[in-house]
Amino acid sequence: MKRTSIRVWLGVLGLVVGSVEVGAQSLVGFTDERAAAHLDLESRFAATLDADDLSEWSKAMTPRPHHLGSPQAAENAKFMLELFRSWGFDAEIETFHVLFPTPHLRRLTLLEPTRYEARLQEEVIAEDATSAIAVETGLPPYNAYSADGDVTAELVYVNRGVPADYEELARRGIDVRGKIVIARYWGSWRGIKPKVAHEKGAIGCIIFNDPGDDGYAQGLTYPDGAYKHEWGVQRGSVIDLPKRPGDPQTPMRGSIEGAERIAREDADSIMQIPVLPISWRDAVPLLEALEGPVAPAGWRGALPLTYRIGPGPAKVQLELEFDWNVVAAHNVIARLEGAELPDEWIVRGNHHDAWVIGARDPISGMIALLAEAKGVGELARSGWRPRRTLVYAGWDGEEQGLLGSVEWAEHHAEELGRKAVVYINTDGNSRGFLGAGGSHALEKLVGGVASTVVDPQTGATVGDRRRARTMVGGSKEEASRLAGGGTLRLSALGSGSDYSPFLQHLGIASLNLGFGGEGSGGEYHTAFDSYDHYTQFVDPGFAYGVALAETAGRITLRLVEADVVPFDYTDTAATVSRYVDEMVEYADAERKRIEHHNQMVTEGHFDLAADPTRAFAAPAVKEAVPHLNFAPLLTARDRLVESAERANAYVEELLASGEEAARPAEVDSLLYTGERRFLAADGLPRRPWFRNLAYAPGFYTGYSVKTLPGVREGLEEGEFDEAQREISRVAAAITSLADQLDGLAGSVDTH
């Protein structure tokens, strides 16, 4: 039914959007005289893309496990190096030396009321050509940067293991201090679960895949279908990513050979308690042994048992030991120097390391990047040279905590701060709808490209298809805005992929691109993310791999070739305005909610005896939310709207007059360094690595973004003085950006 609705909307959009998107063909950042020639260049680029190339490279890079530090990872780096060189790039492998623990001992035993020794191993699937080598020689299921430990305690089921779940436990009088907790995957990034468990006093954490999320409740299991089978386990890092990604022992500096390393016990991003992932088959005996209250309805998954919370009588022993080695991370860096503006860099990256075979995550994105680079190389062989310098990167160690990209960005921070115009990221790819997030000054650029690339399944453009999906499943406000001709919005970026060091640490405008929504499965971070699984269930024929290469490639070429870098800060101003309004509304709603809560408490409306199974602990009076002074933020917001409109008009006038050639580097610099104005030298409260005052991963969400994070999290955590200070800092940053935009026309000294 949903697909039919989308097709109906596509039919409507053929009438409505066709007239809206024609203007995109004028090309943001280009003079009219150069736009037509550039579109011809893009067409020649698109004609080079070949699905057979993607299939060949995917097979070549996924014959065996290629995790960080493995022989196959090094071979893959050399393979890509030679490809880049054969296409005319100046390419090298830049190696960093990073801390990477691998398991020496993993043991989980149910001791009481019955005994069960967890298997902790995936099974070989005969129908998958790489299954045996993946299971037998790949990294086993574990969580990197877990603490070593041998702990024994009663078990408590904590649902997703996020802060709200512990509030529910507290209402029921259940304390996890001195206990081992067991949590379901999803609901947050995995590293949040042991982090919160430790803060609540637990001494160990177990994470299991519930079939309600990505197993038999969703569809047929592998190999009959795409979903996770009974012994499948999601590996993954539990480094404290929202605090600081990268090598835990080299904070704020690149982990080059000989770099000073802090002691492991002083590394604040390593988890403090042992944590282990297990399959649902291993989880069943543990969950069946729990007694205590029946879990709330929202805590129940799809296993054929009664979900109970405990604590006990289930008692488990968790034993983990790791080899804490420093290993080589091989970043592949390929450059094509710009002929006119060599000190303006367009950086395009994807990681190449996997947890096991990694055909989808990350090779499906990596081969799309390679296809782009091959196409660019063919253009160069025909005599074309890029105006700006193009840098392609294949990152290593992303899975462990963005190690390769963070160390590279930290090591080259000063040069990147001067030269990097935009970072464009991809990761794994699937099929379905274009997903695009990033710096909002690039919205019109992305929207223009999306109106050009044809969707392989529907024949509409990928922009029209995404627009139709939003009209069917999005908010009424957004559907109405798009129906009225509004442009597609970029989503805000949190963390979890290699854009993070560029956007959130260095303030470099960034994008993250990929297709998805129709290739769901259960292979994520298992031994079965293989070529066989990918080509059968995710992107048969690599059609969406080609679509990703064309989409990202056209964006890259427009950034490389534009007369003036294609930034439009009117979209940034509109987005910041929404964020500011959301903050004001959130503060007001939170104030009213707490006032109501406190009134209910003081008037005795919580009758716990009436429902003893629901709660045992009386709620306490909460601190009232003060009336924060948002005036500086509102004033700065209004100033930015005006300055962005003037700057945009000035750039359009420059392009129309042809005078942009008189000062291209100056105009470009004022535009592309605008994102830097959101940086705070001392970073966000309690996490100085994250310096962007506009975007950060949530401290207790992990991957998910928090916009205006200092203000928002100050409100959420009840740190109201902190929230007020952050309002002032954000207002100053917005005003600074407005000053810089005014400087485009020479009306304000921006230095």
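Residues numbered from 1 in each chain as written. Predicted model: local features only at pLDDT ≥ 70, side-chain atom pairs only at ≥ 80, totals over all residues. Heavy atoms only, no water.

1. Overview of the overall build of the protein
Move 1: Across its full length, the protein carries 24 helices and 16 strands.
Move 2: Here the C-alpha atoms of the protein give a radius of gyration of 26 Å, agreeing with the 27 Å that 2.2 N^0.38 yields for 751 residues.
Move 3: Considered along the principal axes of its C-alpha atoms, the protein spans approximately 80 × 65 × 60 Å.
Move 4: Here the protein holds 751 residues, and 62% of them are scored as buried.
Move 5: Roughly 26,800 Å² of accessible area belongs to the protein as shown, and the carbon and sulfur atoms make up 50% of that amount.
Move 6: Taken together, the 74 basic and 110 acidic charged side chains of the protein have centroids lying 3 Å from each other. (Helix = DSSP H or I, 4+ residues; strand = E, 2+ residues; numbered from the N terminus. Rg over C-alpha atoms; globule rule 2.2 N^0.38 Å. Buried < 20%, exposed > 50% of the residue type's maximum accessible area, 1.4 Å probe, protein only. Areas by Shrake-Rupley, 256 points an atom, 1.4 Å probe, with all protein chains shown as cover. Lys, Arg positive; Asp, Glu negative; His and termini not counted. Charge placed at Lys NZ, Arg CZ, Asp CG, Glu CD.)

2. Observations regarding the pairing of strand E13 (residues 432-438)
Move 1: Of all seven residues making up E13, six are buried, and the element is well covered by its neighbours.
Move 2: Judged from the seven bridges that link them, E13 and strand E14 (residues 510-517) form a sheet pairing that is antiparallel. Residue pairing in the sheet places Gly437 in a bridge with Asn512 of E14. (Pairing = 2+ DSSP bridges.)

3. Description of the nonpolar core
Move 1: Core analysis: the biggest nonpolar cluster contains 215 residues, and Phe84, Leu108 and Phe567 have the highest contact counts within it.
Move 2: Take this core: its biggest share by element is 12 residues, from helix H10 (residues 359-381).
Move 3: Not counting chain neighbours up to four residues away, the residues in contact with Phe567 comprise Val421, Val422, Ala441, Leu442, Ala509, Leu671 and Tyr672.
Move 4: Residues Phe30, Ala35, Leu39 and Ala562 belong to the second largest nonpolar core, which totals five residues. (Core = buried A, V, L, I, M, F, W, Y, C linked by side-chain atoms within 4.5 Å. Contact = heavy atoms within 4.5 Å.)

4. A few points about helix H23 (residues 709-716)
Note: α-helices contain 3.6 residues per turn, so residues at a spacing of three or four share the same orientation.
Move 1: Counting buried residues along H23, seven of its eight residues qualify, which places the element largely inside the surrounding structure.
Move 2: Those residues of H23 that are buried are in contact with helix H20 (569-602), strand E15 (695-697), strand E16 (705-707) and helix H24 (720-742).

5. Comments concerning the packing of helix H3 (residues 51-61) against H10
Move 1: Where H3 meets H10, the closest approach of the two axes is 9 Å, and the angle between their N-to-C directions is 130°. Between H3 and H10, the angle is such that the two are oblique. Once H3 is placed against H10, the crossing between them reads as right-handed. Where H3 approaches H10, its residues Asp53, Leu54, Trp57, Ser58 and Met61 are matched on the opposing element by Ile363, Met366, Ile367, Ala368, Leu370, Ala371 and Lys374.
Move 2: Partitioning the contact of H3 with H10 into residue classes produces nine nonpolar, one polar and two charged. (Axes fitted to C-alpha atoms, helices over the stretch in contact; angles between N-to-C directions. Parallel < 35°, antiparallel > 145°, perpendicular 65-115°, else oblique. Left-handed = near helix turned anticlockwise from the far one by under 90°. Nonpolar A, V, L, I, M, F, W, Y, C, P; charged D, E, K, R; others polar.)

6. With respect to the side chain of Ser430
Move 1: As for its position among the elements, Ser430 is in the loop between strand E12 (420-426) and E13.
Move 2: Overall, Ser430 belongs to the buried group, its relative accessible area being 1%.
Move 3: At a separation of 3.5 Å, a polar atom in the side chain of Ser430 contacts the side chain of Arg360.
Move 4: Once residues lying within four places of it in the same chain are set aside, the contact partners of Ser430 are Arg360, Phe515, Gly516, Gly519, Val538, Asp539 and Tyr544. (Polar contact = N/O pair within 3.5 Å; in protein donor to acceptor, adjacent residues only side chain to side chain.)

7. Overview of the pattern of salt bridges
Move 1: Counted under the stated rule, the structure contains 50 salt bridges.
Move 2: Between Asp213 and Arg160 there is a salt bridge, with its nearest N and O atoms 2.8 Å apart. Residue Asp213 is located in helix H8 (residues 211-214), and its partner Arg160 is located in the loop between strand E4 (149-157) and helix H6 (163-171); the two are separated by 53 residues in the primary sequence.
Move 3: Overall, the relative accessible area of 24% leaves Asp213 in the partly exposed class.
Move 4: By relative accessible area, which is 16% here, Arg160 ends up buried.
Move 5: Between Arg729 and Asp682 there is a salt bridge, with the nearest N and O atoms lying 2.8 Å from each other. A residue pair is termed long-range when its members are at least 10 positions apart, and Arg729 in helix H24 and Asp682 in the loop between helix H22 (664-672) and E15 qualify at 47 residues.
Move 6: Linked by salt bridges that have partners in common, Glu42, Glu550, Arg554 and Arg558 make up one network. (Salt bridge = Lys/Arg side-chain N within 4 Å of Asp/Glu carboxyl O.)

8. A closer look at the packing of aromatic side chains
Move 1: Per the stated rule, a full pass over the model turns up 27 aromatic pairs.
Move 2: Here Tyr142 and Phe322 contribute two aromatic rings whose centre-to-centre distance is 6.1 Å and whose plane-to-plane angle is 40°, an arrangement assigned as tilted. Placement of the pair is Tyr142 in the loop between helix H5 (131-137) and strand E3 (143-144) and Phe322 in strand E9 (residues 315-336), with a sequence separation of 180 residues.
Move 3: Here Tyr142 falls in the buried class, since its relative accessible area comes to 1%.
Move 4: One aromatic cluster is present, formed by Trp57, Phe84, Trp87, Phe89 and Tyr392 through successive ring pairs.
Move 5: Lying across the ring of Trp345, Arg335 places its NZ or CZ 5.5 Å from the centre. (Phe/Tyr/Trp six-rings, centres within 6.5 Å; stacked < 30°, edge-to-face > 60°. Lys NZ or Arg CZ within 6 Å of the ring centre and 35° of its normal.)

9. What to know about a negative patch on the surface
Move 1: A cluster of acidic residues, Asp148, Asp150, Glu321 and Asp323, forms a negative patch on the protein surface.
Move 2: Classification of Asp323 by relative accessible area gives partly exposed; the value is 32%. (Patch = residues over 30% accessible without salt bridge, like charges linked within 9 Å, V, L, I, M, F, W, Y side chains within 5 Å.)

10. Focus: the pairing of E12
In summary, the side chains of a regular strand alternate between the two faces of the sheet.
Move 1: In terms of residue burial, E12 counts as a mostly covered element, since seven of its seven residues are buried.
Move 2: In this structure, strand E10 (residues 341-351) lies alongside E12, joined through five bridges in parallel fashion. In the strand pairing of E12, Ile346 is matched with Val422.
Move 3: Taken together, the four bridges between E12 and E14 define a ladder with parallel strand orientation. Note on E14: the bridge partner recorded for Thr426 is Leu513.

11. Things to note about the environment of Trp186
Move 1: Relative to the assigned elements, Trp186 resides in the loop between strand E5 (180-184) and helix H7 (192-199).
Move 2: In this structure Trp186 comes out as partly exposed when scored by relative accessible area, which is 35%.
Move 3: Once the C-alpha coordinates of Trp186 and Phe208 are considered, the two residues, 22 residues apart in sequence, prove to be 9.7 Å apart.
Move 4: Beyond its immediate chain neighbours, meaning those up to four positions away, Trp186 contacts Arg160, Lys193, Asp213, Asp214, Gln234 and Tyr524.

12. Examining the packing of helix H2 (residues 32-46) against H10
Move 1: Interaxial distance between H2 and H10 falls to 9 Å at its minimum, and their mutual angle equals 120°. Compared by their axis directions, H2 and H10 come out oblique. Between H2 and H10 the crossing geometry is right-handed. Contacts from Leu41, Arg44 and Phe45 of H2 reach H10 at Glu372, Gly375, Val376 and Leu379.
Move 2: Taken together, the residues that form the contact of H2 with H10 break down as four nonpolar, one polar and two charged.

13. Re unusual backbone geometry
Move 1: Of note, the bond from Glu112 into Pro113 is cis; its omega dihedral lies within 30 degrees of zero at 0°.
Move 2: On the secondary structure map, Pro113 appears in the loop between strand E1 (90-112) and strand E2 (116-117).
Move 3: Cis geometry is adopted by the peptide bond preceding Pro362, which originates at Asp361 and carries an omega value of 20°.
Move 4: When you line up the elements, Pro362 lands in helix H10.

14. Digging into the confidence of the model for the protein
Move 1: Predicted confidence across the protein gives a mean pLDDT of 92, with 94% of residues reaching 70 or more.
Move 2: Here residues 1-25 scores under 50 on pLDDT; set against residues more than four positions off or in separate chains, the count is 36 contacts. (pLDDT = per-residue confidence, 0-100.)

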